[in-house]
Each structure stands twice: as structure tokens, then as C-alpha cells.
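Letter by letter, the chains look like this.
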Amino acid sequence: MRGDTSRTLLIFPGEYKVEGNNSESKAVDNAEGRCSSRNGSPHDGSTRDGSIHDAFSQGTSQCGTSPYGKDVNQSSTLNSNSKSLVGRENDSLIPTAKQIHDTFTACQSMWSSYISGAEQLLPNILPPCCLQPSIMLKDVPPIPENLRGKRDITGQALWSVPCPELPDGNVQVSAHQDEADKADEPWNPENVFGAQETFHLQIETPTICGIYSEPTFAVNQTPDPNGLAILTLCWSYIFSVRLLELQHRPIKYSSIMAPILIHDVGQQQKEVIVYLGCSSKKLVRWLCAVLAPGAGWFAQGSVPPWTAHCNRDVQFLVSTNLSRNEVVQEKPPSSAEAADLISELCTLYNFESQPTEAFLIALLFPFYVKQGLQPRLPMPRIPRPARASHKAPVYIRDYLNDIRYYMTLSLSSPGSAIWSIFWEPGIQANVASAWLGSIHQVLRPLLDAADIGSLVKVFAIRNPRLAPLWLGFLRCGSIQVLDLIKRYLVTHEERPLFRSLGHPNPNFAAWTGSKQSFLDEECCGPYERDDALVPAVDVVRHRFNFRLADEHILYFGWQPFGVIQKKDIEPELWPRLESPLSSRRYVQWVWWLGKTKTKCCHWYENAIEKGYRHDKKDIPDDAYKSTFVPFSLGHKDFITHTSKLLAPDCTVFRLLKQGPSKEATVRVLKLGSWDASGDRSLDAMGIAEVREHQWLRGERETWELSNFLDTTTDSQ
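Every value quoted in this text rests on a predicted model; they were computed, and no experiment measured them. (Residues numbered from 1 in each chain as written. Predicted model: local features only at pLDDT ≥ 70, side-chain atom pairs only at ≥ 80, totals over all residues. Heavy atoms only, no water.)

K.L.:
Before we go on, may I ask you to explain the confidence of the model for the protein in this structure?
P.N.:
Interpretation of the predicted coordinates at a detailed level should be avoided for regions scoring low in pLDDT. Overall, the predicted model of the protein reaches an average pLDDT of 81, with 76% of residues at or above 70. Taking the mean pLDDT of every element in the protein, the minimum, 34, falls on strand S1 (residues 65-66) and the maximum, 98, on helix H11 (residues 403-411). Of the regions scoring below 50 in pLDDT, residues 169-176 engages in 5 contacts with residues more than four places distant in sequence or in other chains. Low confidence marks residues 626-649, where pLDDT is under 50. Its contacts with residues over four positions away, or in another chain, come to 45 contacts. (pLDDT = per-residue confidence, 0-100. Helix = DSSP H or I, 4+ residues; strand = E, 2+ residues; numbered from the N terminus. Contact = heavy atoms within 4.5 Å.)

K.L.:
Help me understand the packing of aromatic side chains, please; the structure alone is not making it clear to me.
P.N.:
Note on aromatic pairs: each is described by the distance of the centres and the angle between the planes. Going through the model one piece at a time under the given rule, you end up with 33 aromatic pairs. Ring centres of Phe459 and Trp470 lie 4.3 Å apart, and the angle between their planes is 40°; this geometry places the pair in the tilted category. Of the two residues, Phe459 is situated in helix H14 (residues 452-462) and Trp470 in helix H15 (residues 467-475); the sequence distance between them amounts to 11 residues. Residue classification places Phe459 among the buried positions, given a relative accessible area of 0%. (Phe/Tyr/Trp six-rings, centres within 6.5 Å; stacked < 30°, edge-to-face > 60°. Buried < 20%, exposed > 50% of the residue type's maximum accessible area, 1.4 Å probe, protein only.)

K.L.:
Got a minute to help me understand the pattern of salt bridges in this structure?
P.N.:
Once the charged atoms of two side chains with opposite charge are near each other, the side chains can pair. Inspection of every chain in the model, using the stated rule, returns 22 salt bridges. Residues Arg462 and Glu424 are paired through a salt bridge, measuring 2.8 Å at the closest nitrogen-oxygen approach. Of the two residues, Arg462 is situated in helix H14 and Glu424 in the loop between helix H12 (414-419) and helix H13 (432-448); the sequence distance between them amounts to 38 residues. Across the pair, exposure class does not vary: Arg462 and Glu424 are buried alike. Close ionic contact of Arg541 with Glu521 constitutes a salt bridge, the shortest N to O distance being 3.3 Å. (Salt bridge = Lys/Arg side-chain N within 4 Å of Asp/Glu carboxyl O.)

K.L.:
How should I be thinking about the pairing of strand S5 (residues 197-200) in this particular structure?
P.N.:
Residues in a regular strand project their side chains so that they alternate between the two faces of the sheet. The side-chain alternation of S5 yields one buried face, formed by Glu197 and Phe199, and one unburied face, formed by Thr198 and His200. As paired elements, strand S3 (residues 152-160) and S5 share 4 bridges and run antiparallel to each other. The residue bridging Thr154 from the neighbouring strand is Thr198, located in S5. (Pairing = 2+ DSSP bridges.)

K.L.:
Teacher, can you tell me more about the environment of Ala338 here?
P.N.:
Along the chain, Ala338 turns up in helix H7 (residues 335-348). With relative accessibility at 0%, the residue Ala338 sits in the buried group. Note: C-alpha distance between Ala338 and Cys234 (104 residues apart in sequence) is 7.7 Å. The residues touching Ala338, leaving out its near neighbours within four places in the chain, are Tyr237, Ile238, Trp286 and Pro333.

K.L.:
Looking at this model, I keep getting lost on empty space enclosed by the protein. Mind explaining?
P.N.:
Take a probe with the size of a water molecule and roll it over the atoms, and the empty space left behind shows itself. Summed over the entire model, instances satisfying the criterion amount to 6 cavities of 30 Å³ or more. Put simply, the largest cavity is a space of about 80 Å³. Along the walls of the largest cavity sit 11 residues, with Tyr555, Phe556, Arg667, Val668 and Leu671 positioned nearest its centre. Of the residues in the lining of the largest cavity, the class split is 9 nonpolar, no polar and 2 charged. (1 Å grid on protein atoms, 1.4 Å probe; cavity = no way out; pocket = protein on both sides within 12 Å on 5 of 7 lines; lining within 4 Å. Points joined across faces, edges and corners; volume = space filled by probe spheres on them. Nonpolar A, V, L, I, M, F, W, Y, C, P; charged D, E, K, R; others polar.)

K.L.:
For this particular structure, what's the right way to read the pairing of S3?
P.N.:
Most of S3 sits out of view: 8 of its 9 residues are buried. By the bridge criterion, 7 bridges tie S3 to strand S16 (residues 585-597) in an arrangement that is antiparallel. Across the sheet, residue Gly155 finds its bridge partner in S16, namely Trp591. Pairing geometry for S3 and strand S4 (residues 191-193), over 3 bridges, is antiparallel. Considered in S4, the bridge of Leu158 is made with Phe193.

Now the structure itself:
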């Protein structure tokens, strides 16, 4: 298996790092000589632990604090980011006034069309794509079947990167092998492992869901019944128990259970009576545990990431013809049995789309936990069931059959896909402020009104493949979600001290078929002439293929701008720039399951997964065709009637802050500064006098790197 050229990262003495909300700074001693090796064992996690995010960003922590106290550049950088984005002619980084205007108005036209489309939909109906979770599963790998004794699991994507610089004779492949077999050959030089990704299979304590009584979701304001909270807790159980089954861990009921009613009583405030009548003993006992005011079921050891129960804002009462003594002896259902019990519950009530909505909410519980958000579910409304029996949805069993794929999706980085709804192909990094600011202006009325139902429709029209994720994310009901969206659209970050949810994940993009950054797009070459001008975006795409195994190097999806003369590009890239072959293709996912000991040796166990589409042979390829159209300022659909939407001298332009554009530009410059040989210099982006530009003046780590490179060059 080929790894990219081995090279040493540039680490500066006294560098510190703060991740997430962890305020404990970790010094990096230059004497340790850490390095990132491309040709090491792919299952060796030792080089991943505590890996360096980005040598450019190590001089200050993510919260902007120097290891020596307050960073003298921190306040100046913050002040710089809060300045208005003012166009400038003939500037190497700052966009022109026309670029800002055209980007803003084109985005305004595009997103206004989504608003118009959402307004034309029936008020109580969700777009069909919202209720089709399987459209997200294109190449998602299932979580391994045997997770005995594991609290986390690591995997890597295998990519196919064409190597036209190698002689054809170096790639020895038997003629009778098909493409899948070729991809499995470990010595194929075109196969490159991506960065390792760790999936945590536990949380400290169960998630506690709040209950709200005010309507915040206008789409599904249907008459009784509303069982979304109940169904969500049921799916939470199924996700959790399926993981416990894979871990070979038994489950038990606790002594905590929702009270059972065998006589009619008056319903008090904050009480919800679930009428089950003559339902099975197993359903009654299960709901008594799932709806308990606490942990109604448990397993010894770690807590699965989907485990949840409601707080004491509501008390569930289970009304049944069975006495408590008749049901207490029941055993907890397996995940398959629990799915059948949901179906049994659905025969009592016409829940319509709520089983799917509840499934999507439970799917995102691990993501909510990571973000410190509390799910808030609507107060249930459960009338007495009519005598007529309802037909149970057949898709409940489908969700269970595919749940290992959904578990991978849930435990990975759904935030990168959710937030990519605001990214647009073709938008350059230096106009990110104009693009995000325009979206904010269009969506602001819906955000201020907390019109979640309309937001779901707008996002579904924007990208149907991500619609189920957004439905689950907004349906979780946290009051902080809308604030996160507002802040991101204004500042390019959701919360201070946290890395943005919008950092792209190439694995997740390949799995779902929904692009998240310019790196997920194909190059525009070939560039065969020696005097060709190569777009910087294509140069960075090819350079990135030499860093596929590096972690935490992607921050935003906006593309670099400008062109680079081919003669100024490192010779290692020339064969790839001149080749008509694709730059990179996802092949498969590899789970590293740890060491296994035999009598004579140790060996690393792995599981190779081709993904959902490969495993489900009856799914046509065009079912996952991309819905994105590359952006162009000159496209007629984007320039029509924009003058009516916004006058050129509108004061709204003065509200655009340069922070998002500046941050996106600096990040993409840093990404592109690594050339194919492993050398690093801002000059690699072909921008004259970029080091002296005002947008880089406050970047202390940039100056440290520049000084280091200059010193190294002088010594040689």
C-alpha cells in the first residue's frame, strides 16, 4: 500500500494546543521530534495520538491564548476580523467591490428562490426527501459486527490516486482481476490511506431530553396524536441495544419504571397517559422502562452514545388492562424485538411520519452530546386509541436492517455535512463573507421567528440528500441551534473556543455523495503546455493528495483563487497536472480492529467495507446522483432580477465583516503552502508579496514559520 512521501512536520518550541472546550494546554517539546510518516503501518495509531493540527496554527491555541499568557496579537486580530469587508482593486487577497457585490446578489437570488419554493409547499407536508434516510447512505460502511470489548474503533478510507509519474511497468496487476480485487491489493501504488478516524462507542452518562409545550415546528402541527418524544426514546433504545449486541453485552431492566394505570384517573398537568389497552405484555413493560423518569434499563460497563431518557418535566403513565405483576417478569427486548414493538405501537395510533422523524432525532443524539446541546422534544399528545387498527409502517424494519450503516453515519462527523449546506462550489475564500452574509440576510426572518418548519423545507430544496440530517438536527429542538446558525453566518464560527462544525470531512463527503469542499471536486485540467496558467484550486487539489493521511488540516470548504504559472509549480506535480485522469477516487473503508494473538505471532485484524451501495446490489447508481450545480457568477439563473433584490449602494454591504473572508483565505493559503515534496512556504501559492499583506500581519504563527524557513534556507 503506497503512502505519500515521508516528511517531518515543522514544530516550534513552546507550542500549545487547546481542543474543543478543554482548557488544559499541552506543550509540544521540539526535542521530541514528532513526525508524520506516510509509509508507516496504517493501523498504528501511535502516530495519530496528539497529532499536530496544523503547524501554522500552533503558535496560538484555538481559543487565541498564548502559552505565555495573553497573546498580544489576539485583540488586534479580533478587531481586524470585525472590520467591514471593503473591496479593493488590484489587491492580491482582498476581493474587488464588484466581486463582493456579484457574490452577494447571486447568493441572494439563489437562496431567495429556495424560500419561494418552500412557500409553495403545503404547510403541513414535509418534502419527501426529508423522510428518506437511505438517500444519505450511498457508500457509508457498516459498523463492524463484532465489537466485543471495544469502547472505540478506528478506521481509514482507502483512496485511489492515479500516479502518471510512475512507469506502467511498476503497477503489476493480473489481467483477470476485477477492479474490486485490484483495490484490495496492498502493493498497488495508487492506493493511499486517508487520515485515521476514531469512533467513540460510549458517553459518560445518558442524554437527558427536555420537554417543551410550545409549538416550534410548524410543518407537522397535525391534530392528535403527537408521539414524537415517545418514538424518539424507543429508537434511542434500539440504537443503544444494537451496539450492546455487537459488543456481546446483556441488558437488564432497572427498578425504575413509568407507573401503570389500570383505572381511569384524571390527567394532571405535566402528565402524559399512554393508552395501550390490550397490548402485549412485552410492549407494556418495555414502554414502562423507556418512558421511566430515569434509567429504566441498563447494561454493565460503558453507556452507548444513543442512550437517553426524559427529564422530570413530564411524567408518563402507562394505561393498560394488565397489572404490574403481570408485566414485571418480562425480559428486555432485543433490537429486532424492539422494532416489532414500535410497529405494534404504531397500530394503535396514526403517527404518520413521526417514526421516521424520531429515528432521525435519535440518529443525531451522539452529535448533540458532542456539541453540549440538550435535545428538547415536544410534549406528547396521546388520545385514547380508536378501535380501528392502523397499518404499521414497513420502513421500521428497513431502518433496523440498515442500522449498522446509520450507526457509522451517526458516530462520524454529521456536523460537517449539516453545515456544508451553506458551502457552495466555486465560491472563492476571499468572498466567503459576502456569501454567508447574503444567506444570513435571506434567512434572518425565519431564524428570528424560529420558523423551523420553513427552514427544514428551505434546506431540503437546497440539498435533498442532506434533508434528513437537517430534519433530525432541527427536530431535536435545542434552543441553541438557531443561535449557532446565526453566529456561523456572521462570524464563520458557531461558538468561541470551538472548532467550527463546518470543517470538511472527505470521508463523510465520499460516503454520502454530498460534496463539502473544493477538494471533493474534480480538477479542470489537463494542463499540457509548459507556459500554462494553472488555477490555484487545481494545484491545491493535487497537493492535498500527498497529505491524505494528515489529520485536522481542513477548516473550510471555500476554494483558493488566482492562477500559478506552471513553471513555478513543483516538478513533482507536472505529470498529474498533464494527465486527464481523475485526481482522486474513494475506494473503500478499512476498520482496524486491533491486535489478535495466535500461537506463533500477533497480527492486526481488519474489516474491509465497500459501503451500502455495494452491499445492496439492487440500488441503481443514478439514485445517488449529485444535486449540486457548480456556481458561476455569470450564470443566468443567478443574475436574473438581482437588481430588484438589492441596490448596489445598499447599506447591507457595510454590515459584512471581513472576518469570514480573511479567516477562510488565510486557512486555504496555509493548506496550499505544502508542496508535493513536503516543503512548506507561502510562496508556493504564487502570490507576490503575500507575506507582507495586511491580512497576514496579525498571524504570529505565519511569521514564526516564515522566520523558521528563512533561517533554514540561510543555513543551507
